[in-house]
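# Geometric and topological summary
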Amino acid sequence: MADNDQFDLIVLGGGPGGYVAAIRAAQLGMKVVCVEKEDALGGTCLRVGCIPSKALLDSSELFDQIRHKAPDHGISVEGLSVDVGGMLKRKDEVVTSLTRGVAGLFKKNRIEWVRGFGRLAGPDTVAVESPEGRRTLKAPKILLATGSVPVELPFLKFDHERIIDSTGALSIPKVPEHLIVIGGGVIGLELGSVWLRLGARVTVLEAMPTILPGMDGEVVRQATRILGKQGFDLRTGTRVTGATRSGDKVTVTVEGGDPIEADYVLVAVGRRACTGGMGFEEAGIRLERGVIQVDGHYHTGVAGIYAIGDAIGGRMLAHKAEEEGVAAVEFMAGKHGHVNYDAVAGVVYTWPEIASVGKTEEELGQAGVAYRTGKFPWMANGRAKAMAEVDGFVKILADEKTDRILGVHIIGPRASDLIAEAAVAIEFEGSAEDLARSVHAHPTLPEAIKEAALAVDGRAIHF
Ligand code: FAD
Ligand code: NAD
């Protein structure tokens, strides 16, 4: 074996979990190699997930603002049109610049990227196959960060032309007349928003009684109302039974209803851990329904092998994967990794955005926790008024006895940015009173968080 095939750590997968772990490990003095099969680093998130979807969300939101909101500001624009090709090109450029950025960070940190498909070939060995040939890498520590892939419905298989997954929905060459989205979760509503704003008719077929199941009920009700007003045809409690393709059209059949025809069907019913065909079970790693089982230190139970990110289940979020990656390599280095899952925020990048951290009212109710609620509507926030973005509210849930913040739920403008303050407050085990007594600049959106915190004690000033 060549010397250059012996490392301190092999990271399998170059997504946000894997690449961030590789950088942290290099900072801790390890000689690190990262195996990634795709032509670019960054994983689902950078290549076909968070980043391209947000690029299209921002472009389509700008179009929507000019079309529907500019007149409220006294601005009129004539001859407005969308160049889908130009929009997709910009999205691709954003992705390329960020994935190249990760390659640059690898160089800076002296991390080797081996391009190819990796398989566990022993407790300390990863065999990599690529068009350039086979390479056998060895290290006492291996981190599995192989991520996730879209779930395929057995009765409605992807043809990747008209029946597409999220990756396909990021590159539809022309605005569809009618897009059916199966699954009213995060991907369905985000990518549905992109094409709705650009002019498509969008029908969402959701099996559960509400969209965004599992999120705070009051927020979901508000989101349903606002998205409906925007033009989404939201059909909840709808069970899809199949689809047939005829030329450029797809007809979707649903239980107890008429068939629905569309030119594209986006299936967005969740993602599953990507853990098959890589020698994991043969190495003794325990999988449950395809999800790698780990202990509190992200160790798989097989000496030296750790796992993180979408592949270990839990919430499939890039920042969760990143934090787990950092914690895992810190544990490997004998340090104390730390991920506080109660402080992991989740965001749905519709407009208005929806963001939450901590417990929902439903979860607190089920756990029998007594809590107080403070709510503040955007209608009463000066900056939101100035922006003409007055839909939604901020809601803070605090422990009835200790006032400790248990959950924060926001539906409104830039909720994605606002939720960081709440996450920090929860991480510091802060109280509603702590937020209420913190000075917030005026006029800003975060003032609504302070007001909601004041409202926990019944003393909001502006509402
Ligand atoms: P991944 O990003 O999936 O990376 C795993 C990597 O491992 C991949 O690059 C894969 O090619 C590689 N790999 C797998 N097996 C092998 C092998 N055998 N050999 C070599 N390489 C291998 N999350 C958010 O937090 N915010 C968002 O806004 C957001 N938006 C999203 C939008 C969409 C459309 C999608 C699909 C997902 C989105 N997510 C978002 C989820 C986020 O992308 C994932 O949670 C995150 O990428 C998980 O990181 P990971 O490193 O665990 O796995
Ligand atoms: P999801 O779990 O968010 O939503 C899937 C939806 O499909 C659910 O509402 C579910 O009830 C519904 N569903 C399941 N089977 C169905 C069926 N047969 N017919 C109709 N509806 C059905 O999953 P997703 O939207 O595919 O996203 C996958 C994951 O990617 C998410 O869990 C999320 O963690 C991650 N993601 C995050 C972001 C973000 O953070 N902004 C964005 C996109 C994706």
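Preceding this paragraph is the structure being described.
Residues numbered from 1 in each chain as written. Chains lettered and ligands numbered in written order. Predicted model: local features only at pLDDT ≥ 70, side-chain atom pairs only at ≥ 80, totals over all residues. Heavy atoms only, no water.

## Quick word on empty space enclosed by the protein
- Under the counting rule described, the total for this entry stands at one cavity of 30 Å³ or more.
- Computed from the structure, the largest cavity encloses a volume of approximately 40 Å³.
- In terms of lining residues, the largest cavity is bounded by Pro150, Asp165, Ser166, Ile187, Leu266, Val267, Ala268, Val269, Gly270 and Arg271.
- Here the lining of the largest cavity is composed, by residue class, of six nonpolar, two polar and two charged. (1 Å grid on protein atoms, 1.4 Å probe; cavity = no way out; pocket = protein on both sides within 12 Å on 5 of 7 lines; lining within 4 Å. Points joined across faces, edges and corners; volume = space filled by probe spheres on them. Nonpolar A, V, L, I, M, F, W, Y, C, P; charged D, E, K, R; others polar.)

## Brief notes about the site of ligand 1
- Taken together, 39 residues are adjacent to ligand 1, and Gly17, Glu36, Thr44, Lys54 and Ala318 come closest.
- A distance of 3.3 Å separates an oxygen atom of ligand 1 from a polar atom in the side chain of His319.
- Protein coverage of the free-state accessible area of ligand 1, which is 1,000 Å², stands at 95%.
- Of all the secondary structure elements, the ones that give two or more residues to the shell around ligand 1 are helix H1 (16-27), strand S2 (32-36), helix H2 (43-48), helix H3 (50-69), strand S4 (117-122) and helix H8 (318-332).
- Ranked by residue count, the leading element in the shell around ligand 1 is H2, at five residues. (Near = heavy atom within 4 Å. Polar contact = N/O pair within 3.5 Å; in protein donor to acceptor, adjacent residues only side chain to side chain. Areas by Shrake-Rupley, 256 points an atom, 1.4 Å probe, with all protein chains shown as cover. Helix = DSSP H or I, 4+ residues; strand = E, 2+ residues; numbered from the N terminus.)

## Describing the sheet that holds strand S14 (residues 249-254)
- Reading across the sheet, the three strands line up as S13-S14-S15 and stay open at both edges, with antiparallel pairing between neighbours. Since the sheet does not close on itself, it has two edges, and those belong to strand S13 (240-246) and strand S15 (260-262), each with one partner. Here the strands of the sheet are splayed against their neighbours by 25 degrees on average, with no regard to which way each runs.
- As paired strands, S14 and S15 are joined by three bridges and run antiparallel to one another. Each residue of the ladder has a partner; that of Val252, found in S15, is Ile260. (Pairing = 2+ DSSP bridges. Axes fitted to C-alpha atoms, helices over the stretch in contact; angles between N-to-C directions.)

## What about the packing of H1 against helix H4 (residues 84-108)?
- Look at H1 against H4: their axes get within 10 Å of each other, and the N-to-C directions meet at 25 degrees. The angle between H1 and H4 places the two elements in the roughly parallel class. Regarding H1 and H4, the two cross each other, and that crossing is left-handed. Between H1 and H4, the contacting residues are Tyr19, Ala22 and Ile23 on the first element and Val102, Leu105 and Phe106 on the second.
- Of the residues in the contact of H1 with H4, the class split is six nonpolar, no polar and no charged. (Parallel < 35°, antiparallel > 145°, perpendicular 65-115°, else oblique. Left-handed = near helix turned anticlockwise from the far one by under 90°. Contact = heavy atoms within 4.5 Å.)

## A few points about the site of ligand 2
- Taken together, the neighbourhood of ligand 2 is formed by 21 residues, with Glu190, Glu206, Gly270, Met316 and Val347 sitting nearest.
- Val186 places a main-chain nitrogen or oxygen 3.3 Å from an oxygen atom of ligand 2.
- In the model, an oxygen atom of ligand 2 is placed 2.6 Å from a nitrogen or oxygen of the Glu206 side chain.
- Ranked by the residues each element gives to the shell around ligand 2, the list is headed by helix H6 (residues 186-197), at three residues.

## Some remarks on the nonpolar core
- Among the nonpolar cores identified, the biggest contains 56 residues, and Leu9, Val32, Phe106, Leu143, Leu144, Ile285 and Ile292 are the most heavily contacted of them.
- The contact partners of Phe106, leaving out residues within four places of it in the chain, are Tyr19, Ala22, Ile23, Cys34, Leu41, Ile111 and Trp113.
- Judged by nonpolar contacts, the second largest core, of 37 residues, contains Leu56, Val194, Phe232 and Ile411. (Core = buried A, V, L, I, M, F, W, Y, C linked by side-chain atoms within 4.5 Å. Buried < 20%, exposed > 50% of the residue type's maximum accessible area, 1.4 Å probe, protein only.)

## Quick look at the state of the cysteines
- A full pass over the atoms with the stated rule returns zero disulfides.
- Summary of cysteine pairing: Cys34 is not part of a disulfide, and the nearest cysteine sulfur, belonging to Cys274, is at 14 Å.
- Classification of Cys274 by relative accessible area gives buried; the value is 18%. (Disulfide = S-S within 2.5 Å.)

## Brief notes about the packing of aromatic side chains
- The full count for this structure, using the stated rule, is two aromatic pairs.
- It is Lys31 that lies over the ring of Phe7; its NZ or CZ is 4.8 Å from the centre.
- Directly above the ring of Trp113 sits Arg115, whose terminal nitrogen or CZ lies 4.1 Å from the centroid. (Phe/Tyr/Trp six-rings, centres within 6.5 Å; stacked < 30°, edge-to-face > 60°. Lys NZ or Arg CZ within 6 Å of the ring centre and 35° of its normal.)

## Quick look at the layout of surface pockets
- Roughly 430 Å³ of volume is contained in the second largest pocket.
- Forming the walls of the second largest pocket are 19 residues, and the residues nearest its centre are Asp64, Lys69, Ile226, Gln230 and Trp351.
- Among the elements that line the lining of the second largest pocket, the one with the most residues is H3, at five residues.
- Broken down by class, the residue content of the lining of the second largest pocket amounts to seven nonpolar, three polar and nine charged.

## Digging into the pattern of salt bridges
- In the structure shown here, the tally under the stated rule is 34 salt bridges.
- Across the salt bridge formed by Asp216 and Lys395, the nearest N and O atoms sit 2.7 Å from each other. Here Asp216 is found in the loop between strand S11 (201-205) and helix H7 (217-230), whereas its partner Lys395 is found in strand S24 (residues 393-399), with 179 residues between them in sequence. (Salt bridge = Lys/Arg side-chain N within 4 Å of Asp/Glu carboxyl O.)

## Some words on the sheet that holds strand S20 (residues 305-307)
- Taken together, five strands build an open sheet; the order of strands is S3-S2-S1-S7-S20 and the sheet is parallel. Lying at the two open borders of the sheet, with one neighbouring strand each, are strand S3 (112-115) and S20. Averaged over all adjacent pairs, the angle separating strand axes in this sheet is 20 degrees, with direction ignored.
- Here strand S1 (residues 9-12) pairs with S2 via four bridges, running parallel. Counterpart to Leu12 in the pairing with S2 is Val35.

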